[in-house]
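One letter stands for each residue in the lines below.
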Amino acid sequence: MENFTPISALIGGAIIGSGALLLMLMLGRVAGISGIASSAIFQTEGRAWRLAFVAGLLVGPLLVGLILTDFTFATPDLGWEVVVAGLLVGVGTGVGSGCTSGHGICGIGRLSKRSIVATLIFMAAGFLIATLFTQGAATW
Amino acid sequence: MVILMAFLSGLLMTAGIAVSAMIDPNKVLGFLHLGPGWDPSLALVMAGALAVFLPGFLLIRKRKAPVCDTQFHLPKSNRIDKPLVIGALLFGLGWGLVGYCPGPAIAALTSGSVATLVFVVMMIIGWFAARKARL
């Protein structure tokens, strides 16, 4: 477990949870990133706050880069996997009404049975395909 | 106020994704790939997020309405139906293939990576297809 980073994981997780909590307290909305981003694109009603949320999504990592000067991260190689995975994630979160933030954090956080089931299924599918298909960490 | 708070919420979410390194698909795959060198970090990200959201949500629910609106907008359905199961399954397969879910993929657009951009464009096409299929 040489790659295990418990402190930054817990702190980062708490920041994610605070962001989701802020949206619930102020707007009374679930901070589901797939739902908000897709509605910002394909739905005219309620577009302004959704676009502001997506703009925030793009500023967050830039801000972290300014504060933590050693902040870097890898990105995937361009290949068929990226094309197929992007489509699967889009269709799947569209049809299944949520992703890791909406079902995994807000849904479980509201003890929604639907979200708990969805999270168990996408976690299981993720474990299966990553274990069979990828080499784990340091694939790229 | 609504716009600023929505912006801040989005900012905090990807700041957390960056701090926890979940913006790096290798870090996510290190969790999803079971075997030697398994990295449990992602589980602690979820735990950290839930440790804040769960008790916070219970407190917020005591309010009649959120600060900037007249009512809460919570999902009403609690049915485990076919779209939920199939959608979650497809999403999980895509997530495990590359290590991106929507938040980290959008956050990683800031790197200027072409592969990340292709992923996000395909994801948006997928969202469009899912909306069309629902009609």
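Residues numbered from 1 in each chain as written. Chains lettered and ligands numbered in written order. Predicted model: local features only at pLDDT ≥ 70, side-chain atom pairs only at ≥ 80, totals over all residues.

Counting its secondary structure elements, chain B contains 6 helices and 0 strands. Reading chain B from its N end, one meets helices and strands in the order α-α-α-α-α-α. Once the C-alpha set of chain B is aligned to its principal axes, its extents read approximately 50 × 40 × 30 Å. Counting all 135 residues of chain B, 55% fall into the buried class. (Helix = DSSP H or I, 4+ residues; strand = E, 2+ residues; numbered from the N terminus. Buried ≥ 20, exposed ≤ 12 C-beta atoms within 10 Å, placed from the backbone.)

For helix α2 (residues 25–32) of chain B, a buried count of 8 out of 8 residues is recorded, marking the element as mostly surrounded by other parts of the structure. Looking at the buried positions of α2 of chain B, the neighbouring elements they touch are α6 (113–133) of chain A together with α3 (41–60) and α4 (82–98) of chain B. (Contact = placed C-beta atoms within 7 Å.)

A few words on the nonpolar core. Formed by 87 residues in total, the largest nonpolar core has its most connected members in A20 of chain A together with A49, F53 and F119 of chain B. The greatest single-element share of this core, amounting to 11 residues, is contributed by helix α1 (residues 6–27) of chain A. (Core = buried A, V, L, I, M, F, W, Y, C linked by C-beta atoms within 7 Å.)

With 95% of its residues at a pLDDT of 70 or more, chain A shows a mean pLDDT of 94. Across chain A, element-level confidence peaks in α1 of chain A with a mean pLDDT of 98 and bottoms out in helix α5 (residues 100–109) of chain A with 95. (pLDDT = per-residue confidence, 0-100.)

Here we take up the UniProt feature "transmembrane region" (unreviewed entry) in chain B. Residue and element names in this part refer to chain B. UniProt's entry tags residues 42–60, 80–100 and 106–130 with the feature "transmembrane region" (unreviewed entry), counted in the numbering of this structure. Helix makes up 81% of residues 80–100 and strand 0%. Its end C-alpha atoms lie 25 Å apart. In residues 106–130, helix accounts for 76% and strand for 0%; the two terminal C-alpha atoms are 19 Å from one another. (UniProt positions renumbered as here; feature names shortened; annotations may be inferred.)

The end-to-end C-alpha separation of α6 of chain A is 30 Å, in line with the 30 Å expected for 21 residues at 1.5 Å each. Residues R114, S115, A118, T119, I121, F122, M123, A125, G126, I129 and A130 of chain A constitute the buried set of α6 of chain A. (Expected span 1.5 Å × (residues − 1).)

Further remarks concern the packing of helix α4 (residues 80–95) of chain A against α4 of chain B. In the contact formed by α4 of chain A and α4 of chain B, the axes pass within 7 Å of each other and the chain directions differ by 155°. Viewed along their axes, α4 of chain A and α4 of chain B adopt a mutual orientation that is roughly antiparallel. The way α4 of chain A lies across α4 of chain B gives a crossing that is left-handed. Contacts from E81, V82, V84, A85, L88, V89, V91, G92, T93 and V95 of chain A of α4 of chain A reach α4 of chain B at P83, I86, G87, A88, L90, F91, L93, G94, W95, L97 and V98 of chain B. (Axes fitted to C-alpha atoms, helices over the stretch in contact; angles between N-to-C directions. Parallel < 35°, antiparallel > 145°, perpendicular 65-115°, else oblique. Left-handed = near helix turned anticlockwise from the far one by under 90°.)

Glancing now at the interface of chain B and chain A. Frequently, the measure chosen for interface size is the accessible area removed from exposure when the parts meet. Taken together, the 106 residues of chain B in the interface contact 107 residues of chain A. Residue assignment for the side of chain B that touches chain A shows that the elements contributing at least two residues are α1 (2–19), α2, α3, α4, α5 (102–107) and α6 (114–134) of chain B. Top element by residues in the side of chain B that touches chain A is α1 of chain B. It accounts for 17 residues. Considering only residue class, the side of chain B that touches chain A consists of 74 nonpolar, 27 polar and 5 charged. (Nonpolar A, V, L, I, M, F, W, Y, C, P; charged D, E, K, R; others polar.)

Structurally, the position occupied by I7 of chain A is in helix α1. Put simply, I7 of chain A and L63 of chain A are 56 residues apart on the chain and 20 Å apart in space, counted from C-alpha to C-alpha.

Further remarks concern the packing of α5 of chain A against α3 of chain B. Helices that pack against each other are described as a pair by the angle of their axes relative to one another and the distance between those axes. The N-to-C vectors of α5 of chain A and α3 of chain B enclose an angle of 35°; their axes lie 8 Å apart at closest approach. For the crossing formed where α5 of chain A meets α3 of chain B, the hand is right-handed. Residues G104, I105, C106, I108 and G109 of chain A of α5 of chain A form the contact with α3 of chain B, whose own contacting residues are M46, A49, L50, F53, L54 and F57 of chain B.

To continue, consider unusual backbone geometry. Residues and elements named next belong to chain A. A positive phi angle, near 60°, is found at S97, a position not held by glycine. Looking at S97, the number of C-beta atoms within 10 Å reads 24, which means it is buried. Phi at L111 is positive, roughly 55°, even though this residue is not glycine. Mapping L111 onto the fold places it in the loop between α5 and α6. When the 11 C-beta atoms within 10 Å are taken as the criterion, L111 is described as exposed.

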